[in-house]
Amino acid sequence: MRLKHLLLGTVAALATAGTAQAGYTTPTGWYMSMAAGANWIDDGNIDEFDASGTAETTNRFDWDSGYVVAGAIGYDFGEHWRVEFEVAYRKNDVESFCSSDSPNCSSTIDGADIWELSQMVNVLYDFGLGGEWEAAIGAGIGGNLVVFNPGTSGNFESDNDGIDTDDYVLAGQLIAQVAYRLSERWKLFADYHYMFMDEPNVINPEDQERWVIEKTDHSVMLGIRFDLQRDGAAPPPRQVDTPRGSPKQFIVFFGFNKSNLTAEAAQVVAEAAAAAKEFGSASISVVGHTDTVGSNEYNIRLSMRR
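The rules behind these values
Residues numbered from 1 in each chain as written. Predicted model: local features only at pLDDT ≥ 70, side-chain atom pairs only at ≥ 80, totals over all residues. Heavy atoms only, no water. 1 Å grid on protein atoms, 1.4 Å probe; cavity = no way out; pocket = protein on both sides within 12 Å on 5 of 7 lines; lining within 4 Å. Points joined across faces, edges and corners; volume = space filled by probe spheres on them. Helix = DSSP H or I, 4+ residues; strand = E, 2+ residues; numbered from the N terminus. Nonpolar A, V, L, I, M, F, W, Y, C, P; charged D, E, K, R; others polar. Pairing = 2+ DSSP bridges. Core = buried A, V, L, I, M, F, W, Y, C linked by side-chain atoms within 4.5 Å. Buried < 20%, exposed > 50% of the residue type's maximum accessible area, 1.4 Å probe, protein only. Arc of directions from axis to C-beta. Salt bridge = Lys/Arg side-chain N within 4 Å of Asp/Glu carboxyl O. Phe/Tyr/Trp six-rings, centres within 6.5 Å; stacked < 30°, edge-to-face > 60°.

Just checking my understanding: could you explain empty space enclosed by the protein for this structure?
If a probe as big as a water molecule is rolled over the atoms, it shows which places are left empty. Considering all chains together, one arrives at one cavity of 30 Å³ or more under this definition. In this structure, the largest cavity is lined by 17 residues; those nearest its centre are Ser33, Ala72, Glu84, Phe189 and Asp191. When contributions to the lining of the largest cavity are tallied by element, the ones reaching two or more residues are strand E1 (29–41), strand E4 (66–78), strand E5 (81–99), strand E12 (186–197) and strand E15 (217–227). In terms of residues, the lining of the largest cavity owes the most to one element, E1, which gives four residues. For the lining of the largest cavity, the per-class residue count stands at eight nonpolar, four polar and five charged.

Spelled out as structure tokens, the structure:
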């Protein structure tokens, strides 16, 4: 129920953001990204149930800081929205634990850890911050494989001899991201993921006890994104005919946030130069227009480059 409420709330927030940033335009097309960073697990309980389902002991676990690596491939639809498929690996060691039988949370477990492999479909909403900066908010839903190793020695199930126990659960995440465009097809980004899930239920193979793990993850990552195709393809250049005996008017279009000439645009420029030679002395007007996206200062620089 908590998972459903969080996802519904995020959808409402994204819809509100969509009305506020209606003028923003993003590039389109396929992209891929890689990221890595730190992962933290909220301290929580692992409840023990015997083979018949009777509650036995509640254990409070504290987790060390861990790491996360993630990769994604996605499609940017332009006009704010993009969708991606993300796979992420997280790992954290157990710092200490205490049980309801012994409330002193200082017990250690040699080799105890937990790792996760999540697969998420994320929907993100992009909006501009001015210049080369932009940000995004989003949400994802998918599955998460949780593998818990109770360790090889210590006061918690030491007879289990480090045998991994696992469960695959429904999971969701909330995403906040800020990015900086390095070049036409490369972006550097930093993001925060809050991942929540149904509580994993793992079975101790030694005595068939069931352990119910309470957990949520916080991940902070730095990453790089590469557009697999050039963004903002420009419409084909066109030339406007004028009365016979006078020079033609030549018009070149640029892609979104671009100042480079495509091959077709370069051909139009060559034709304009040839026409100027043909008619001898000529008056030439060169104007570089932009749209209304971005700050005035940034658009002036873009106009000058064009």
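Picking up where we left off.
Quick question: what am I supposed to make of the pairing of E1 here?
Along any regular strand, the residues point their side chains to alternate faces of the sheet. Two elements, E1 and E4, share 11 bridges in a ladder whose sense is antiparallel. For tryptophan 30, the partnering residue across the bridge sits in E4 and is tyrosine 75. With 11 bridges connecting them, E1 and E15 associate as antiparallel partners. Across the sheet, residue isoleucine 41 finds its bridge partner in E15, namely aspartate 217.

Hey, could you run me through the nonpolar core in this one?
The nonpolar side chains of soluble globular proteins are, as a tendency, buried together. Counting 19 residues, the largest nonpolar core has Phe61, Trp63, Ile114 and Phe148 as the members making the most contacts within it. One finds Ala35, Val68, Ala88 and Phe189 within the second-largest nonpolar core, a separate group that totals seven residues.

What exactly am I supposed to notice about helix H3 (residues 296–305) here?
Think of an α-helix as turning once every 3.6 residues; residues three or four places apart then point the same way. Among the residues of H3, those classed as buried are Tyr298, Asn299 and Leu302. The arc enclosing the buried residues of H3, seen along the axis, measures out at 95°, which places them on a common side. Opposite the buried face of H3, by more than 90 degrees, sit the exposed residues Asn296, Glu297, Ile300 and Met304.

Please explain the pattern of salt bridges as it appears in this structure.
If the charged atoms of two oppositely charged side chains come close together, the side chains can form a pair. Counting across every chain of the model gives nine salt bridges. Two residues, arginine 225 and aspartate 76, come together in a salt bridge whose shortest N-O distance is 3.3 Å. Of this pair, arginine 225 sits in strand E15 while aspartate 76 sits in strand E4, and the two are 149 residues apart along the sequence. Of the two residues examined, arginine 225 and aspartate 76, each falls in the buried class. Across the pair lysine 91 and aspartate 113 runs a salt bridge, and its minimum N-O distance is 3.4 Å.

Is there a simple way to think about the pairing of strand E2 (residues 44–49) in this case?
Pairing of E2 with strand E3 (residues 55–63), which is carried by five bridges, proceeds in the antiparallel orientation. Directly across from isoleucine 46, in E3, lies its bridge partner asparagine 59. Count of turn residues in the E2/E3 antiparallel hairpin: five residues, of which glycine 53 carries a positive phi of about 95°. As paired strands, E2 and strand E14 (residues 210–213) are joined by four bridges and run antiparallel to one another. When the sheet's bridge partners are listed, aspartate 47 is paired in E14 with valine 212.

Sorry if this is basic, but what is going on with the packing of aromatic side chains here?
Each aromatic ring pair is characterised by the separation of its centres together with the angle its planes make. Scanning all chains against the criterion turns up 13 aromatic pairs. With a centroid separation of 6.1 Å and an interplanar angle of 85°, the aromatic rings of phenylalanine 61 and phenylalanine 148 are classed as edge-to-face. Residue phenylalanine 61 is located in strand E3, and its partner phenylalanine 148 is located in strand E9 (residues 133–149); the two are separated by 87 residues in the primary sequence. For phenylalanine 61, a relative accessible area of 0% corresponds to the buried category. Relative accessible area serves as the criterion here: at 0%, phenylalanine 148 is assigned to the buried category. When the ring of tyrosine 125 is compared with that of phenylalanine 127, the centres are 6.5 Å apart and the planes differ by 35°; the resulting orientation is tilted. Phenylalanine 127 shares its class with tyrosine 125; the two are buried.

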